[in-house]
Amino acid sequence: MPRSDFWSGLAVAAFGLLALLWAIPNYAGSNPFAQMPPELVPGIGAWLMVICGGIIALKGLVQLLRERLTLVTTELSWAAIGWAAWPFLYVGVAIWFMSFIKITWFGAFLIAGMLILLGERRWYMILGCSVVPVVLLYVLSVYMMRVGVV
């Protein structure tokens, strides 16, 4: 695990830096009349990504050095790669499917399906973790932001 900790921490930190240096300055927009600048919340999230990713990468690097392991290996486990890739395929198919219907109609089923596939069997956890975010998204977009498109 130290090798995967190092590389995943490095990837998270790099993505946070990309957000800080390019995405947020170019796409956050500006609103001179706002009480809170539009880049504040994404900036806080990006800084958290950089800090947490850096901590995980540093921990992985220390473990790699302590165990005298290399940063890169030639051993490939296709089963492990497949196991790591299926959630991306699941979400990709779900995004394609949601291009035809609204997220509030399908979101709870998407989240519940992922929870079941990941091994969750407690009905109250599946119900709570799948329905509550969709309801909160609906309330936020329709009643608080007056968007009404979800």
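The residue numbers shown here count from 1 along each chain, following its written sequence. Totals for whole chains, interfaces and linings use all residues, but because this is a predicted model, local features are given only for residues with pLDDT of at least 70 and pairs of side-chain atoms are given and counted only at 80 or more. Only hydrogens and water are set aside when side-chain values are computed; all heavy atoms of the structure are taken into account.

Chemist: Tell me about the overall build of the protein chain, and name the residues and values.
Modeler: Summing up its helical and strand segments, the protein chain has five helices and zero strands in all. Counting from the N terminus, the helices are the DSSP runs of H or I reaching at least four residues and the strands are the DSSP runs of E reaching at least two. Helices and strands appear in the protein chain in the N-to-C order α-α-α-α-α. Radius of gyration (C-alpha) of the protein chain: 20 Å, far over the 15 Å computed for a compact globule of 150 residues. Across its three principal directions, the C-alpha atoms of the protein chain cover 55 × 45 × 25 Å. The buried share of the protein chain, reckoned over its 150 residues, is 22%. In short, Shrake-Rupley with a 1.4 Å probe defines the accessible areas, and a residue's cover is counted only from the protein chains shown. Only carbon and sulfur atoms are counted for the fraction: they give 75% of the accessible area of the protein chain, which is about 11,300 Å². Distance between charge centroids for the protein chain: 7 Å, based on 8 positive and 5 negative side chains. As a reference, a globule follows 2.2 Å times the number of residues to the power 0.38, and the radius of gyration itself is taken over C-alpha atoms. Burial classification: accessible surface area is computed with a 1.4 Å probe over protein chains only, and a residue below 20% of its type maximum counts as buried, one above 50% as exposed, and the rest as partly exposed. For this count, His and the chain ends are skipped, Lys and Arg are scored as positive, and Asp and Glu as negative. For charged residues, the charge sits on one atom: NZ in Lys, CZ in Arg, CG in Asp, CD in Glu.

Chemist: Give me helix H2 (residues 40-67): which residues, what numbers.
Modeler: An α-helix turns once per 3.6 residues; consequently, residues spaced three or four apart project the same way. An expected span of 1.5 Å times one less than the residue number is assigned to each helix. For H2, which comprises 28 residues, the first-to-last C-alpha distance of 40 Å matches the rise-based estimate of 40 Å (1.5 Å per residue) to within 8%. Residues Gly43, Ala46, Val50, Gly53, Ala57, Gly60 and Leu64 constitute the buried set of H2. Those residues of H2 that are buried are in contact with helix H1 (2-27). Phi for Arg68, located one or two positions after H2, is positive at around 55 degrees. Only heavy atoms enter the contact rule, under which two residues are in contact if any of them lie within 4.5 Å.

Chemist: Hey, could you go over unusual backbone geometry for me, with residue numbers and the actual values?
Modeler: In this structure, Arg68 is a non-glycine residue whose phi angle is positive, near 55 degrees. Mapped onto the elements, Arg68 comes out in the loop between H2 and helix H3 (78-98). Under the relative-accessibility criterion, Arg68 is labelled exposed at 76%.

Chemist: Quick one: what's the story with the packing of H1 against H2, residue by residue and with numbers?
Modeler: Contact geometry for H1 and H2: axes closest at 7 Å, N-to-C directions at 155 degrees. With respect to each other, H1 and H2 are oriented roughly antiparallel. Considering the relative orientation of H1 and H2, their crossing is left-handed. Only Asp, Glu, Lys and Arg are considered charged, only Ala, Val, Leu, Ile, Met, Phe, Trp, Tyr, Cys and Pro nonpolar, and every remaining residue, Gly among them, polar. Counted by class, the contact of H1 with H2 contains 19 nonpolar, seven polar and four charged residues. Angles here are taken between N-to-C directions and fall from 0 to 180 degrees, while the axes themselves are lines fitted to C-alpha atoms, restricted in helices to the stretch in contact. An angle counts as roughly parallel when it lies under 35 degrees, as roughly antiparallel when it exceeds 145, as roughly perpendicular when it falls between 65 and 115, and as oblique in every other case. When the near helix sits turned anticlockwise from the far one by under a right angle, the crossing is termed left-handed; a clockwise turn instead gives a right-handed crossing.

Chemist: For the packing of H3 against helix H4 (residues 103-117), give the residues involved together with the corresponding values.
Modeler: Between H3 and H4, the least distance of the axes is 11 Å, while the angle of their chain directions is 165 degrees. In this view, H3 runs roughly antiparallel relative to H4, as classed from their interaxial angle. Relative to H4, H3 is oriented so that their crossing is right-handed. Where H3 approaches H4, its residues Trp86, Pro87, Tyr90, Val91, Ala94, Phe97 and Met98 are matched on the opposing element by Ile103, Phe106, Phe109, Leu110, Gly113, Met114 and Leu117. A breakdown of the residues in the contact of H3 with H4 according to their chemical character gives 13 nonpolar, one polar and no charged.

Chemist: Go over the packing of aromatic side chains, please, and point to the residues and values.
Modeler: Stacked, edge-to-face and tilted are the three classes for Phe, Tyr and Trp ring pairs, Trp counted by its six-membered ring, which pair at centre distances within 6.5 Å; planes under 30 degrees apart are stacked, over 60 edge-to-face, the rest tilted. Tallying each qualifying case throughout the model produces seven aromatic pairs. Here the aromatic rings of Phe97 and Phe106 are separated by 4.7 Å at their centres, their planes lie at 55 degrees, and the arrangement is tilted.

Chemist: Can you tell me about the nonpolar core, naming the residues and giving the values?
Modeler: Core analysis: the biggest nonpolar cluster contains five residues, these being Ala19, Leu20, Ile24, Ala46 and Val50. Residue assignment for this core shows that the elements contributing at least two residues are H1 and H2. In terms of residue count, the dominant contributor to this core is H1 (three residues). Once you skip the residues sitting within four places of it in the chain, Ile24 turns out to touch Ala19, Glu39, Pro42, Gly43 and Ala46. Residues grouped as a nonpolar core are buried Ala, Val, Leu, Ile, Met, Phe, Trp, Tyr and Cys residues, joined through side-chain atoms within 4.5 Å.

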